[in-house]
Amino acid sequence: MNQPKSLLLYCQHSVGIGHLVRSFALAEALGNQFDVTLVSGGAFPSNFHVPNNIRFVQLTPIAQNEAGNLELVETGLALHEVMTIRKKRVMEVYKELLPDILLTEFFPFGKIQFMGELLPILKLIKKSEKPVMVVSSLRDILELKSTAEKVQQRFSISVSEENYHALLVHGDADFIRLAETFPEINQITRPIYYTGYVTTHTPSAGINHQNFNKVVLSLGGGKVGPAFVKKVVGAFINHGFGKGITLKVIAGPNYPTDAWEEAKQLFSAVKGLELVHSVPNLLNEWRQARLSVSMAGYNTSMELISNRIPALLLPYENSTNTEQTLRSQKLQSAGLARTIDFNEASEKDMADAIKESLDFIPSPKIMDMNGANNSSTLLTRLVNEHYDKFKTAVK
């Protein structure tokens, strides 16, 4: 029996946990065909479980604050010292594994602050006698504020052309194409494959959400959740969501400790309001909800759409994050979800939007949600058909 080819997947999540969630789902599917090692550079969430069919390497974690600046998570070392340690560790893993495939999540179209960890490996691959297929793993929408910068554009195009063999876009080309958020994509000659959306659960069907009276506010990882809790809970207390409608708040594993303690003190006695820090299975909460209220990150949005959960999306946006606004607008236009501008909405606006969404039924529009398995099948075909070409493809 042939030994499975080895695959090294690099992922850096910085603000939320979406990049890691998607990478875990992708790695688990890839693990059925390849010998997968996932290197993660962000803080590991307390309630996460590593798929049992992959090897996991945790780097000293680095996060990103809302201003877009890198910050340390759990060490007394200086940032430059940690970056040096991480760079050395990533190279050690690469040399130990000598993979057949290098898959970089979002890079070189984002995460360029971490180029020091990846560019030396790309340089080593070009000098190596062993063929290595280098692929970028991208979500459906890139950051407009980043891709509009000429320096970022030139970097992404140059690194892709010089080092990469293909781009995997984990989206549906009939819903949104990469060119909408990266118009210069036509300057890249490497093949681009749309895999479908990467989701983690088997879609449920046949649930009548009108039978429930609970609104569920979920905040993903929770790091930027306090402002959402303040406004949505304030809307519930001061304006209500309708007769008999209750609210459950799921803060998330990375919700700030001080903010969590404050929320419990302020809101624990509010009738019809339930506060929980995290839950073992968020999908089960959505399946028993009249309405989901959440941010509009890739993973949350696609799990909601895949399972036809009635949803009101509150896109998170700051100086470096814009993709949620475009995604939520596209989903609303397709009849798949509803949305409201969180930053502009008052508590009254929020309460009205939630009440108006209680009877919302998502469109039956079909999108490709089998991105993880499709990616595995595609990479298997590419590496088997073209393996001996990778040695010279980007020399």
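As a convention, each chain's residues are numbered from 1 in the sequence order in which they are written. The model is predicted, so local features are restricted to residues of pLDDT at least 70 and side-chain atom pairs to those at 80 or more, both for listing and for counting; the totals for chains, interfaces and linings are taken over all residues. Computation of side-chain values: all heavy atoms of the structure, hydrogens and water removed.

Colleague: If you had to explain the nonpolar core to someone new, which residues and values would you point to?
Modeller: Core analysis: the largest hydrophobic core is formed by 52 residues, its most contacted members being Leu7, Leu331, Met367 and Leu379. Of all the elements, helix 1 (residues 18–30) adds the most residues to this core, at seven residues. Within the second largest apolar cluster, 37 residues are counted, among which are Val224, Ala235, Phe267 and Leu275. Side-chain atoms within 4.5 Å are what join buried Ala, Val, Leu, Ile, Met, Phe, Trp, Tyr and Cys residues into a set we call a nonpolar core. Accessible area is worked out with a 1.4 Å probe on protein chains only. A residue is then buried under 20% of its type maximum, exposed over 50%, and partly exposed in between. Note on conventions: DSSP H or I runs of at least 4 residues are helices, E runs of at least 2 residues are strands, and numbering of each starts at the N terminus.

Colleague: Break down the pattern of salt bridges for me, citing the residues and quoting the values.
Modeller: Side chains bearing opposite charge may pair, as long as their charged atoms lie close to each other. Whenever a carboxyl oxygen of Asp or Glu lies within 4 Å of a side-chain nitrogen of Lys or Arg, that contact is scored as a salt bridge. Inspection of every chain in the model, using the stated rule, returns 18 salt bridges. For the salt bridge of Glu285 with Lys248, the shortest nitrogen-to-oxygen distance reads 2.9 Å. Of the two residues, Glu285 is situated in helix 8 (residues 282–287) and Lys248 in strand 11 (residues 246–250); the sequence distance between them amounts to 37 residues. Each member of the pair, Glu285 as well as Lys248, carries the same accessibility label: buried.

Colleague: Could you give an account of the side chain of Thr300, with specific residues and numbers?
Modeller: Locating Thr300 in the fold gives a position in helix 9 (residues 298–306). Any two residues whose heavy atoms approach within 4.5 Å at even a single point are treated as in contact. If we ignore the near neighbours within four places in the chain, the residues touching Thr300 are Trp286, Ser294 and Met295.

Colleague: Could you give an account of the sheet that holds strand 15 (residues 338–339), naming the residues involved and the relevant values?
Modeller: Strands were regarded as paired on the criterion that DSSP finds at least two bridges between them. Taken in spatial order, the six strands of this open sheet run 12-11-10-13-14-15, and their pairing is parallel. A single partner strand is all that each edge strand has here, and the edge strands are strand 12 (273–276) and strand 15. The pairing of strand 10 (residues 214–218) with strand 13 (residues 291–294) spans four bridges and is parallel. Bridge pairing in strand 13 places Val215 opposite Leu291.

Colleague: So what about the environment of Glu117? Which residues, and what values?
Modeller: Within the secondary structure, Glu117 sits in helix 3 (residues 115–127). A relative accessible area of 2% means that Glu117 is categorised as buried. When the C-alpha positions of Glu117 and Tyr10 are compared, they lie 9.8 Å apart, and in sequence the two are 107 residues distant. Excluding residues within four positions of it along the chain, Glu117 makes contact with Tyr10, Leu59, Met83, Arg86, Lys87 and Val90. The definition of a polar contact used here is a pair of N or O atoms within 3.5 Å, where within protein one atom must be able to donate a hydrogen and the other to accept one, and adjacent residues in sequence count solely through side-chain atom pairs. Only 2.6 Å separates the side chain of Glu117 from the side chain of Tyr10, close enough to count as a polar contact. At 2.6 Å, the side chain of Glu117 and the side chain of Arg86 are in polar contact.

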